[in-house]
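Below, each chain spelled out in residue letters.
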Amino acid sequence: MRKWFPVLPIILTIVFSIVVYRQLPAVMATHWGANGQANGWTSRPVGAFIIPLIMLALWGIMRGVPTIDPRAANYAKFPETYDFVINGVVTLMAVLHAAVLGVGLGWTIPMRTVALTIVGLMFMGIGNVLPRARSNWFFGIRTPWTLSSDAVWGRTHRMAGYLMSAAGLACMGAIALPAAWTAVVVLAATFGAAIGSIAYSYAVWRAEPRA
């Protein structure tokens, strides 16, 4: 059942778009700056359906990835984790889509708060389950060092889980900061988690005993 959960938010976003389509403006705001002000617009057809289409494509790609991964058997060792990530990302995108349409309908929605909350929850959710992932070529921290050793993979992903969770908290904490700091905090948290995980994987690999 969990493999098919994304069908629900995808259908709901499409139905919502169809129901309110005629009420949306001909040109819709679809991008906002760090200050929460719209700075990017697109046509109504694109604005109304681009996110549901991305959700559908993302779901299809992530469901198909295990079938072409040379380490496909390892996905059977963390199915709940993999499904959780897919379902979580698709659900958060559905929330974002509802907010975008809401702005188009004239609702008062603090898009800066919505965006930072979604990014923060996504990082925290993935960080919480990342340590359960097993070695594969598509999902997780894939460096030459993690892919060469299951022990390095395991230790790296435990650390990456902490780093991503911290990055998520930082993104959500940025809501309370001046808008000028938003991009700085988000970029620092994102790159800090990524670079920290990569560097840690190398350090753990170097510390492994060699035959």
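Coordinates for the structure precede this section.
Structural notes, computed from the coordinates. (Residues numbered from 1 in each chain as written. Predicted model: local features only at pLDDT ≥ 70, side-chain atom pairs only at ≥ 80, totals over all residues. Heavy atoms only, no water.)

The next subject is the overall build of the chain. Secondary structure assignment for the chain yields six helices and two strands. Ordered by position from N to C terminus, the α and β elements of the chain give α-β-β-α-α-α-α-α. Each of the three principal axes of the chain carries a C-alpha extent, and together these read 70 × 40 × 20 Å. The buried share of the chain, reckoned over its 211 residues, is 39%. (Helix = DSSP H or I, 4+ residues; strand = E, 2+ residues; numbered from the N terminus. Buried < 20%, exposed > 50% of the residue type's maximum accessible area, 1.4 Å probe, protein only.)

Summed over the entire model, instances satisfying the criterion amount to one salt bridge. Across the pair Asp83 and Arg63 runs a salt bridge, and its minimum N-O distance is 3.1 Å. On the criterion of sequence distance, the pair formed by Asp83 in helix α3 (residues 79-104) and Arg63 in helix α2 (residues 44-68) is long-range, its members being 20 residues apart. In this structure Arg63 comes out as partly exposed when scored by relative accessible area, which is 23%. (Salt bridge = Lys/Arg side-chain N within 4 Å of Asp/Glu carboxyl O.)

Counting 47 residues, the largest nonpolar core has Met55, Tyr82, Val85 and Phe139 as the members making the most contacts within it. For this core, the secondary-structure elements that each account for two or more residues are α1 (7-20), β1 (27-32), α2, α3, α4 (111-129), α5 (150-173) and α6 (179-207). In terms of residue count, the dominant contributor to this core is α3 (11 residues). Residues within four places of Met55 in sequence aside, it is in contact with Pro9, Ile10, Thr13, Val90, Met93 and Ala94. (Core = buried A, V, L, I, M, F, W, Y, C linked by side-chain atoms within 4.5 Å. Contact = heavy atoms within 4.5 Å.)

The next point concerns the environment of Gly154. Tracing the backbone shows Gly154 in helix α5. Owing to a relative accessible area of 18%, Gly154 belongs among the buried residues under this scheme. Residues Gly154 and Pro70, spaced 84 residues apart in sequence, show a C-alpha to C-alpha distance of 19 Å.

In this section: the packing of aromatic side chains. Following the criterion strictly, the structure yields 10 aromatic pairs and no others. Aromatic side chains Tyr75 and Tyr82 sit 5.3 Å apart centroid to centroid with 80° between the ring planes, which places their arrangement in the edge-to-face category. Given the relative accessible area of 6%, Tyr75 is considered buried. Looking at Tyr82, the relative accessible area reads 4%, which means it is buried. Judged by centre distance (6.3 Å) and plane angle (90°), the rings of Phe78 and Tyr82 are edge-to-face. Through pairs of rings, three or more aromatic residues link up here, namely Tyr75, Phe78, Tyr82 and Phe139. Between the NZ or CZ atom of Arg44 and the centre of the ring of Tyr21, over which it lies, the distance is 4.9 Å. (Phe/Tyr/Trp six-rings, centres within 6.5 Å; stacked < 30°, edge-to-face > 60°. Lys NZ or Arg CZ within 6 Å of the ring centre and 35° of its normal.)

Moving on, we come to the environment of Ile68. Within the element layout of this structure, Ile68 appears in helix α2. Separated by 69 residues in the primary sequence, Ile68 and Trp137 place their C-alpha atoms 9.6 Å from one another.

What is shown is where atoms sit, not what they do.
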